[in-house]
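Fold and contact review
In case you want the letters, here they are:
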Amino acid sequence: MSRKRQHHLAISCCDAWPGLIEAAEAAVKAVLPRYATRRRRRRGCTDVESHTRHWVCMLPQHGPGRKHEREITLEPWQREIVRRHPWPLIRGLIHSDGCRITNWATRTVAGERKRYEYPRYFFTNTSADIVRLFTDTLDAVGVEWRVARRAGAAVNVSVARRGSVALMDRFVGAKY
């Protein structure tokens, strides 16, 4: 924070996904259109940055320490936004800490080993609160999910059922 008591928001985006950099900048401008944004290039990534004292009002979850070591809850006004518009939250979480992949499995059918491929979404995070926000929002839109076991502190949420993947494809889609 500077002497003017402005807060600094930086969204770090991998350069491999230029569409996500555009989307991050558009989102920042949509929230506070009168304030400037800038892009700061770093090795392998671009930070979308904005400075204003209003970020602390817009993002009250901000605080000292790592996000997985402090409570992350939505304010009532934020919960209402998510209730009305759940897909942008799901999409943002997948595009920041998730992926869509083609999974595969083998099965023996009539004595012959066959390979099957199917699409699947994963979301991984170490914050139990953020994982709960994600899974509660998936429940609200009717997406079936499971926790896939993972070594370490991170929780890996899997969406693999055909109907749920179709919903995710319709509203989330691939990174770009």
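Details of the structure are given in the entry above.
Every chain begins its residue count from 1, and numbering advances along the sequence as written. Since the coordinates come from a predicted model, pLDDT governs what is reported: local features require at least 70, and pairs of side-chain atoms require 80 or more to be given and counted, while whole-chain, interface and lining totals use all residues. For the side-chain quantities, the full set of heavy atoms in the structure was used; hydrogens and water were omitted.

Description of the overall build of the chain
Strands here mean DSSP runs of E at least two residues long; helices mean DSSP runs of H or I at least four residues long; both are numbered from the N terminus. A tally of regular secondary structure across the chain gives six helices and seven strands. Written out in order from the N terminus, the α and β elements of the chain read β-α-β-β-α-α-α-β-β-α-β-β-α. By its C-alpha atoms, the chain is 75 × 35 × 30 Å across when sized along the principal axes. When a residue's accessible area, from a 1.4 Å probe over protein chains only, is under 20% of the maximum for its type it is buried; when over 50% it is exposed; and in between it is partly exposed. Buried residues in the chain amount to 33% of all 176 residues. For the chain, restricting intrachain contacts to residue pairs at least 6 apart in sequence, the fraction spanning at least 24 positions comes to 55%. Contacts are assigned to residue pairs that have any heavy atoms within 4.5 Å of one another.

Points about the layout of surface pockets
Approximately 2,100 Å³ is the volume attributed to the largest pocket. Method remark: on a 1 Å grid restricted to protein atoms, a set of points is classed as a cavity if a 1.4 Å probe fits but cannot get out and as a pocket if it is open with protein on both sides within 12 Å along at least five of seven lines; lining residues have an atom within 4 Å of a point. Surrounding the largest pocket, 44 residues form its lining, Ile11, Leu59, Leu89, Gly92 and Leu93 being those nearest its centre. Listed by contribution, the elements that provide at least two residues to the lining of the largest pocket are strand S1 (7-14), helix H1 (18-31), helix H2 (55-58), helix H3 (76-84), helix H4 (86-97) and helix H5 (128-141). Nonpolar residues are Ala, Val, Leu, Ile, Met, Phe, Trp, Tyr, Cys and Pro. Charged residues are Asp, Glu, Lys and Arg, and all others, Gly as well, are polar. Tallied by class, residues from the lining of the largest pocket come to 27 nonpolar, 12 polar and five charged. Grid points are joined across faces, edges and corners, and a volume is the space filled by probe spheres set on the points. Roughly 210 Å³ of internal volume is contained in the second largest pocket. Sorting the residues of the lining of the second largest pocket by element identifies H3 and H5 as the ones contributing at least two each. Ranked by residues supplied to the lining of the second largest pocket, first place goes to H5 with six residues. Across the lining of the second largest pocket, the residue classes tally to six nonpolar, two polar and five charged.

That's the geometry; what it means functionally is another story.
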